[in-house]
Amino acid sequence: MNPVKGKLYLIPTTLGDNEPLEVLPISVKQIIEQTDTFIVENEKTARRFIKRITPNKPQPSLNIFHLNKFTDVSELPSFLSPCLNGTNIGLLSDAGCPGVADPGADIVKLAHQKNIKVVPLVGPSSILMAIMSSGMNGQSFAFNGYLPIDKGERKSEIKRLERLSFEHNQSQLFIETPYRNNKMLEDLCHTLEKNTDISVACDITLSTEFIKTQTAIEWKKNIVDLHKRPTIFIIHKS
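A few points on the structure.

Reading the values: the criteria
- Residues numbered from 1 in each chain as written.
- Predicted model: local features only at pLDDT ≥ 70, side-chain atom pairs only at ≥ 80, totals over all residues.
- Heavy atoms only, no water.
- Core = buried A, V, L, I, M, F, W, Y, C linked by side-chain atoms within 4.5 Å.
- Buried < 20%, exposed > 50% of the residue type's maximum accessible area, 1.4 Å probe, protein only.
- Helix = DSSP H or I, 4+ residues; strand = E, 2+ residues; numbered from the N terminus.
- Contact = heavy atoms within 4.5 Å.
- Pairing = 2+ DSSP bridges.
- Axes fitted to C-alpha atoms, helices over the stretch in contact; angles between N-to-C directions.
- Phe/Tyr/Trp six-rings, centres within 6.5 Å; stacked < 30°, edge-to-face > 60°.
- Lys NZ or Arg CZ within 6 Å of the ring centre and 35° of its normal.
- Parallel < 35°, antiparallel > 145°, perpendicular 65-115°, else oblique.
- Left-handed = near helix turned anticlockwise from the far one by under 90°.
- Expected span 1.5 Å × (residues − 1).
- Arc of directions from axis to C-beta.

Right, let's get into the nonpolar core. Of all hydrophobic cores here, the largest spans 18 residues; its most connected members are Phe-174, Leu-185, Leu-188, Ile-198 and Phe-233. Elements that contribute at least two residues to this core include exactly helix H8 (151-168), helix H9 (181-191), strand S8 (197-202), helix H10 (216-220) and strand S10 (231-236). Element by element, the count of residues in this core is highest for H9, at 4 residues. Aside from chain neighbours lying at most four places away, what touches Phe-174 is Phe-143, Asn-144, Gly-145, Leu-147, Leu-161, Met-184, Leu-188, Thr-231, Ile-232, Phe-233 and Ile-235.

Here it is, written out as structure tokens:
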């Protein structure tokens with residue numbers, strides 16, 4: 001007789017260095033307390049988070065699988081073997097919600113294929129919190145990940161997203177490597193039409209949180225330092 005399968009819990013983490021229970025429900029702590037097997041993006045970051053939210057949990061007892069851009073896809077089925085034998089597994093990303101702009105989506109897809117119950121837990125998503133606080137179209141929006149690094153390609157992509165926004169009344173979200181944030185905002189101001197709205201959501205949930213929406217021409221008059229600060233950019237042309 002086959003054992004009852006374990007569940008795959010999608011466990012959100014904090015978006016920065018704040019106390020976990022300031023932004024996460026107690027259910028996240030309870031699930032981590034009951035779980036010893038984890039699939040993580042970065043082991044050091046994951047162990048630090050687990051230690052902060054459950055200080056008394058023995059770290060040596062943890063069974064850790066690594067899932068990141070270097071993981072061979074052929075390894076993924078073995079990560080879910082404990083679930084097939086009745087053990088619950090927790091999936092953790094470096095920040096925010098696993099499976100969203102995150103390599104965890106691959107393991108979630110495989111869990112569905114193996115008829116393993118997937119359980120998403122409540123936690124902060126920088127993408128959703130940015131669109132919530134932008135004043136832009138929360139009924140139609142798209143997350144585009146990173147824009148091209150090449151200057152010409154980036155300008156073309158910014159203009160393409162601006163056209164999409166106007167044609168479909170759809171807000172366009174994207175991110176940048178934190179040390180290039182200031183250059184990104186500068187490029188947006190000089191590439192977009194002057195009345196196109198730009199929303200900047202920086203350090204979401206942290207004490208240094210900064211969220212502002214204004215037109216490209218208005219941003220040119222306001223200097224803000226986004227250097228090395230996690231930021232979501234949103235544009236919308238009406």
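What follows is about the sheet that holds S8. The sheet built from 5 strands is open, its strands ordered S6-S7-S10-S8-S9 with mixed pairing. Two strands bound the open sheet, and with one partner strand each, they are strand S6 (141-146) and strand S9 (210-215). For this sheet, the mean inter-axis angle between neighbouring strands, taken without regard to orientation, is 20°. Pairing geometry for S6 and strand S7 (residues 171-175), over 4 bridges, is parallel. From the neighbouring strand, Tyr-146 faces S7, where its bridge partner is Ile-175. Contacting S6, S7 and S10, H8 runs over the sheet at an angle of about 55° to S10. H9 contacts S7, S8 and S10 of the sheet and is inclined by roughly 5° relative to S10.

For the structure shown, the criterion picks out 3 aromatic pairs. Relative to Phe-233, the ring of Phe-174 has its centre 6.1 Å away and its plane inclined at 15°; by these criteria the two rings are stacked. A residue pair is termed long-range when its members are at least 10 positions apart, and Phe-174 in strand S7 and Phe-233 in strand S10 qualify at 59 residues. For Phe-233, a relative accessible area of 0% gives the class buried. Pairing Phe-210 with Trp-219 gives two aromatic rings, centres 6.4 Å apart and planes at 70°, and the pair type is edge-to-face. One cation-aromatic arrangement involves Lys-237 over Phe-166; the distance from NZ or CZ to the ring centre is 4.8 Å.

Once that is clear, we can look at the sheet that holds strand S5 (residues 118-120). Ordered in space as S3-S2-S4-S1-S5, the 5 strands form an open sheet in which the pairing is parallel. Of all strands in the sheet, those with a lone pairing partner are strand S3 (63-66) and S5, marking the two edges. On average, adjacent strands in this sheet sit at an angle of 25° to one another, irrespective of strand direction. Looking at chain direction, strand S1 (residues 8-11) and strand S4 (residues 89-92) are connected through 4 bridges and run parallel. Across the sheet, the residue bridging to Ile-11 is Leu-92, located in S4. Sitting on the sheet, helix H6 (residues 104-113) is in contact with S1, strand S2 (37-40), S4 and S5, with an inclination near 155° to S1.

It is the contact of helix H2 (residues 26-33) with helix H3 (residues 43-53), at a shortest axis distance of 10 Å, that shows an interaxial angle of 110°. Between H2 and H3, the angle is such that the two are roughly perpendicular. The chirality of how H2 crosses H3 is left-handed. In this structure, H2 uses Val-28, Lys-29 and Ile-32 to contact H3, whose residues at the interface are Phe-49, Ile-50 and Ile-53.

This next bit is on H8. The end-to-end C-alpha separation of H8 is 26 Å, in line with the 26 Å expected for 18 residues at 1.5 Å each. What H8 keeps buried is the set Arg-154, Glu-157, Ile-158, Leu-161, Glu-162 and Ser-165. The buried side chains of H8 occupy one side of the element, clustering within an arc of 140° when seen end-on. Of the exposed residues in H8, the ones pointing more than 90 degrees away from its buried face are Lys-155 and Glu-167. Packed against the buried residues of H8 are S6, S7, H9 and S10.

Most of S10 is tucked away, with 6 of its 6 residues classed as buried. The alternating pattern of S10 places Thr-231, Phe-233 and Ile-235 and Ile-232, Ile-234 and His-236 on opposite faces, both of which are buried. Sheet topology places S7 next to S10; 4 bridges connect them, and they run antiparallel. What sits directly across from Ile-175, in S10, is Ile-232. Both S8 and S10 contribute to a ladder of 6 bridges, which runs antiparallel. Bridging from a neighbouring strand, Ile-198 pairs with Ile-235 of S10.

None of this, on its own, says anything about what the molecule does.
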